[in-house]
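An overview of the molecular structure
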Amino acid sequence: MTTQAVRAMPETTMIAVEHVRKAFGPVPVLKDISLSVPKGGVLSLIGPSGSGKSTLLRCLNLLTIPCEGTIRIGSHAMRFGRDHRMPRDRDLAAFRSTVGMVFQNFNLFPHMSVVRNVMEGPVTVLGQGRDEARDLAVGLLDKVGLREKADAYPDRLSGGQKQRVAIARALAMKPEVMLFDEATSALDPELVGEVLNVVRQLASEGMTMVLVTHEIAFARDVADTCVFMRDGFVVEEGPARQVIEDPQQAATKAFLSHFHKAAV
Amino acid sequence: MNYEWDFSFLLQYKGLIAIGALYTIGFTIVTAIAGFVVGGLIAVARLANARVVTIPLLAFIEIFRCTPVLVQLVWIYYALPIVIGVELKPATAAFIALTLYGASFFAEIIRGGIASIDTGQWDAGRALGMRRAALMRRVVLPQALKRMIPPLVNQVVLQLKNTSLLSVLAVPDLLYQGQLITSATYKPLEVYTMIAIIYFIILFPLTTLAHGLERRLAR
């Protein structure tokens, strides 16, 4: 097993990534990535497609297993590398249950009603009773403005509604951290706002979050820190407003110039 | 050509025919269930992605899928006892052959159904902290089973038709009884027509039910 104290770290660090490397076969995707997010911090990850930002995000909840390095979320740490065995299914599941994730394609369970989708984690993973889980789920649906859709099936919802259900489903596990993997990229433009509003609300409530996004204005306004990645490296990292409005690195400037033409 | 059709003589054989129908239906049900269970185990084992396991299973599937059931019945009844040194009753040999033959098809139907579920569903379940077995049971199988229904019913229909081969081992299924009646009456046209009608009466409701289910689950 790989859970162990990583090294002395400030109490307030919620996410710590140290020297993470990942290759798919011979293709390196992440090349020695280190970063950290304090409790309540919001980090936005931007970069061109293929830069490794989604892979990095998936490494944070171990949907993708790093080849080397350490991932720590709250008090759970996992270390990877030649000297460490592959974590077992049970340990992976325990680690992931503390991290909520929202996907580009929603990935709601189509055979379950909206409220059942939200109840699924608490019931199956945490062993909560149905009544308790239902109350929790209805409360969360209320929070994302979808209480009246509780008994609908996902195929009856718009993309924005689906994504808000997906956020409620992740929140039902009372995660320490929320990850958003291009959560608005599959949405029609007029539906983006309703999802971003929910994310903004979570930020104001002090949820620790990592956002992989193409919404540059959002990355600037909601995140405290912004990381620009390219080719598996962190190119630039700093306060979100500074990185996006006044980037220091040529690669960051080149990438952001595509967006400045549009309204940022 | 004028042939006098006369089915009335069949009434006196109704006992034999009833036994035959019971054997046919019974063998279908038992071997379909056993084949589904064995096929399901094979499918799950194949998903494990360990070559030590998957290669022998693939070999098993292909051998049973790509050779005639008739030959498999003969192998298992005549050749297997020589290899393992145990005498098999015809019904036992027939059960083994039809179960394994069915299992080889069921395994592919089930594996295909599971593999057809979007990887995003696995991601979503894992991200919630679900373990593999729970994910399979709660998320993947309920969706996969829906997609499997049409090919599964199809396979059960074939399974029933294949029981007609049991007559080679003198298992008294419908066809075997028909052969007995034919040899006593010399009226094969009536006898075999009746057998076809009984098959149809058994199978048509089943395929109709499958269509209905498919429509209802398509939602």
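Residues numbered from 1 in each chain as written. Chains lettered and ligands numbered in written order. Predicted model: local features only at pLDDT ≥ 70, side-chain atom pairs only at ≥ 80, totals over all residues. Heavy atoms only, no water.

Residue and element names in this part refer to chain B. This chain's UniProt record puts "transmembrane region" (unreviewed entry) on residues 20-45, 90-110 and 191-213. This span, residues 90-110, is 100% helix and 0% strand, and a straight line between its end C-alpha atoms measures 29 Å. As a span, residues 191-213 carries 100% helix and 0% strand, and end to end its C-alpha atoms are 34 Å apart. (UniProt positions renumbered as here; feature names shortened; annotations may be inferred. Helix = DSSP H or I, 4+ residues; strand = E, 2+ residues; numbered from the N terminus.)

Averaged over every residue, the pLDDT of chain B is 91; residues scoring 70 or more account for 99%. Here helix α8 (residues 188-218) of chain B stands out as the least confident element of chain B, with mean pLDDT 89; helix α5 (residues 119-128) of chain B is the most confident, with 97. (pLDDT = per-residue confidence, 0-100.)

A few words now on the pairing of strand β5 (residues 76-80) of chain A. Residue and element names in this part refer to chain A. Here strand β4 (residues 68-73) runs beside β5; their pairing, made up of five bridges, is antiparallel. Directly across from I73, in β5, lies its bridge partner H76. Hairpin connection between β4 and β5: a loop of two residues separates the two successive antiparallel strands, and G74 in this loop has a positive phi of roughly 55°. (Pairing = 2+ DSSP bridges.)

Contacts between the two partners involve 26 residues from chain A and, on the opposite side, 19 residues from chain B. Between chain A and chain B the total buried area reaches about 2000 Å² when both faces are included, carbon and sulfur atoms providing 55% of it. Taken as a group, A:D89, A:F109 and A:H111 account for 25% of the area that chain A buries against chain B, more than any other trio of residues on that side. Run the count over chain A and chain B and you get three salt bridges. The partner of A:R58 in a salt bridge is B:D123, with the nearest N and O atoms 2.8 Å apart. Looking at the side of chain A that touches chain B, the elements that each hand over two or more residues are α2 (89-96), β6 (99-102) and α3 (114-125) of chain A. Residues belonging to the side of chain A that touches chain B are distributed by class as follows: 12 nonpolar, six polar and eight charged. (Contact = heavy atoms within 4.5 Å. Buried area = accessible area lost by both parts, 1.4 Å probe. Salt bridge = Lys/Arg side-chain N within 4 Å of Asp/Glu carboxyl O. Nonpolar A, V, L, I, M, F, W, Y, C, P; charged D, E, K, R; others polar.)

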